[in-house]
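As a plain string of letters, each chain reads:
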Number of protein chains: 2
Amino acid sequence: MGTTQLESVPEPKYWHLKTVLSEALDSEFSVGEILPNERDLAARFGVARATLRQALEQLELEGRLQRRRGVGTTVAPPRVGVAVGTEEQAWPGAAGDAWQPVDCAEAVPPAAVADALETGRDEPVHIVRRSRMSHGQPVAAELLYIPASSVPDLTAIDAPSGPARARAVLRELQHLDLEGQDRAVELGSARADDAKELDRLPGAPVLVVTSRFLAGGRTAALSVATYRADTCRLTFKESGGVEIDHGPERRAS
Amino acid sequence: MGTTQLESVPEPKYWHLKTVLSEALDSEFSVGEILPNERDLAARFGVARATLRQALEQLELEGRLQRRRGVGTTVAPPRVGVAVGTEEQAWPGAAGDAWQPVDCAEAVPPAAVADALETGRDEPVHIVRRSRMSHGQPVAAELLYIPASSVPDLTAIDAPSGPARARAVLRELQHLDLEGQDRAVELGSARADDAKELDRLPGAPVLVVTSRFLAGGRTAALSVATYRADTCRLTFKESGGVEIDHGPERRAS
DNA sequence: AAGTGGTCTAGACCACTAC
DNA sequence: TAGTGGTCTAGACCACTTC
């Protein structure tokens, strides 16, 4: 371990600043407390505001700070654990689902989605929008892509759009036999619409969870969920695990 | 869907720039190609270099670009899928493990780790350092924390440190009954040592995967793995899934 | 209206790579 | 040595929230 030669690099100012601020947060501030404004902080540390901001940005990325335009910078609470890999295989919309249907429409999906669904690139699919809350705050926004062939018995009687339509589509989905599922997590930045729903600015870092639901030997539904990367820790429960409460841990420094 | 009122926001320049560049990348550049340098690009678009850099930063975060000091900015290949949730429960170091032992030492872990392991905060544990490659590039660095009580039969004959020691510790670990495991993913920034191993600058965005290995009713080992967020897509295979090849997909725009 | 964070500029110098 | 991206400055103005 500790024997990597420190190679006389002049540490960037913002990096050092970040360390100093991080320690100050641990010892001198409590959750929710408001920090001095950026101009004052920069002056206090004798750096330009842009440099100070570079340090704050990193701390926000790590979930230590929360900044809101017009308000100020506050000390963030520890990240909330958000369960993603519920072990029991279940379709979206099954009982106990953490998501809330928001809307539904029929439209042509992005090419990458169409390819995964093996629908034609010009073929419209059902797109269900859902949102997920935790501790009173929005933590994720989801787009669920469902080919018409996955919900063949959807009646024209159901509402043509809106939450009622979304629920109808999800209800039909339950009729299929779920054969397996498949998940991927990657870093992304929030699109304008997701950002608004997550109460962040466009471009904010998000964890993008792509899930494929398999039935009848093909992808019967595809979910693209964007989680706030600053406030969320995605948890995956796997077989045999007892219940865990990570509590107010910090990442190993 | 599409009915969120567009509220007359003047789109920031860097955001618009990002969009323009993104489309240019799709249509006019191929993977590995070198972009014009930042000063030229900024001049070409009529913006300050800092603004141009803000756009490039986002594109790099999304895995579209790769920037290397002294070299230039190149078009990044699609993110590589890296399997994380191998369904078969197995201890680190089991056959077929994707990780390569690098080093091993005995030291006091960070407080958060000690708490998770339920060891005393001053009690040293084995710390195994491992690295993971994919397509010839380093994609992740890991610290594995193993309490002495989890490997009681570790003999003094084994090497006191280095890769041989690491292998010895891992070998002993296999003797325990793995009862379950537990995983979490969150966004972080690379520490200096991880950054060097991942061939990135300190502070680079990483996906931190924390895994707990349960045996004998407690946490017998804890792994903290940091994956390059720019180049990796973490994949989780779950029950029943057929093999999937996401291929050169892009995230749904 | 006052105060906050967000965007943007036009420079400068530094660290690193490649020739 | 020349060229690249990385850091830093000292300003300016804008968008947003709160009072």
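Chain A appears in an unreviewed UniProt entry as GntR family transcriptional regulator from Streptomyces spiralis.

**Here we look at the protein's contact with DNA strand D**
Taken together, the neighbourhood of DNA strand D is formed by 27 residues, with K13(A), T51(A), N37(B), R49(B) and R53(B) sitting nearest. In DNA strand D, the atoms that sit within 4 Å of the protein are 67% sugar and phosphate, with bases accounting for the remainder. Between R53(B) and DNA strand D, the recorded distance is 2.8 Å, taken from a side-chain N or O atom to a phosphate oxygen. Contact distances for DNA strand D include 3.1 Å between a base oxygen and a backbone N or O atom of G70(B). Elements with a contribution of two residues or more to the surface near DNA strand D: helix 1 (13–28) and helix 3 (49–61) of chain A together with helix 2 (38–45), helix 3 (49–61), strand 1 (65–68) and strand 2 (72–75) of chain B. A per-element tally of the surface near DNA strand D places helix 3 of chain A first, with 4 residues. Among the residues making up the surface near DNA strand D, the classes are represented as 9 nonpolar, 7 polar and 11 charged.

**Quick look at the side chain of R228(A)**
All names here are of chain A. Its place among the elements puts R228 in strand 9 (residues 218–228). What makes R228 buried here is its relative accessible area of 5%. Here the side chain of R228 touches L198 through a polar contact of 3.1 Å, landing on its backbone oxygen. With near-sequence residues (within four places) excluded, R228 lies in contact with Q66, P138, V139, L198, D199, R200 and P205.

**Here we look at the sheet that holds strand 8 (residues 205–215) of chain B**
As summarised here, the arrangement of the 8 strands in space is 3(A)-10(A)-7(B)-8(B)-9(B)-6(B)-5(B)-4(B), forming an open sheet in which the pairing is mixed. At either end of the open sheet lies a strand with only one pairing partner, and these are strand 3 (80–83) of chain A together with strand 4 (99–107) of chain B. Taking the axes of each pair of neighbouring strands and ignoring which way they run, one obtains an average angle of 20° across the sheet. Both strand 10 (residues 232–237) of chain A and strand 7 (residues 180–189) of chain B contribute to a ladder of 4 bridges, which runs antiparallel. Directly across from K237(A), in strand 7 of chain B, lies its bridge partner D182(B).

**Regarding helix 2 (residues 38–45) of chain A**
All names here are of chain A. Within helix 2, the full set of buried residues consists of E38, L41 and A42. Take helix 2 and look down its axis: the buried residues cluster within an arc of 100°, on one side only. Residues of helix 2 that are exposed and point over 90 degrees away from its buried face: R39, A43 and R44. If you follow the buried residues of helix 2, they end up packed against helix 3 and strand 1 (65–68). Among the residues of helix 2, the N-terminal cap falls to N37, whose side-chain oxygen and the backbone nitrogen of R39 are separated by 2.9 Å. Looking at the residues trailing helix 2, positive phi occurs at G46, about 70°.

**A short note on helix 1 of chain A**
For helix 1 of chain A, spanning 16 residues, the distance from its first C-alpha to its last is 21 Å, which sits close to the expected 22 Å at 1.5 Å a residue. Residues of helix 1 of chain A that are buried: Y14(A), W15(A), L17(A), K18(A), L21(A), S22(A), A24(A) and L25(A). For helix 1 of chain A, the secondary structure elements touched by its buried residues are helix 2, helix 3, strand 1 and strand 2 (72–75) of chain A together with strand 7 of chain B.

Analysis parameters
- Residues numbered from 1 in each chain as written.
- Chains lettered and ligands numbered in written order.
- Predicted model: local features only at pLDDT ≥ 70, side-chain atom pairs only at ≥ 80, totals over all residues.
- Heavy atoms only, no water.
- Near = heavy atom within 4 Å.
- Polar contact = N/O pair within 3.5 Å; in protein donor to acceptor, adjacent residues only side chain to side chain.
- Helix = DSSP H or I, 4+ residues; strand = E, 2+ residues; numbered from the N terminus.
- Nonpolar A, V, L, I, M, F, W, Y, C, P; charged D, E, K, R; others polar.
- Buried < 20%, exposed > 50% of the residue type's maximum accessible area, 1.4 Å probe, protein only.
- Contact = heavy atoms within 4.5 Å.
- Pairing = 2+ DSSP bridges.
- Axes fitted to C-alpha atoms, helices over the stretch in contact; angles between N-to-C directions.
- Arc of directions from axis to C-beta.
- Expected span 1.5 Å × (residues − 1).

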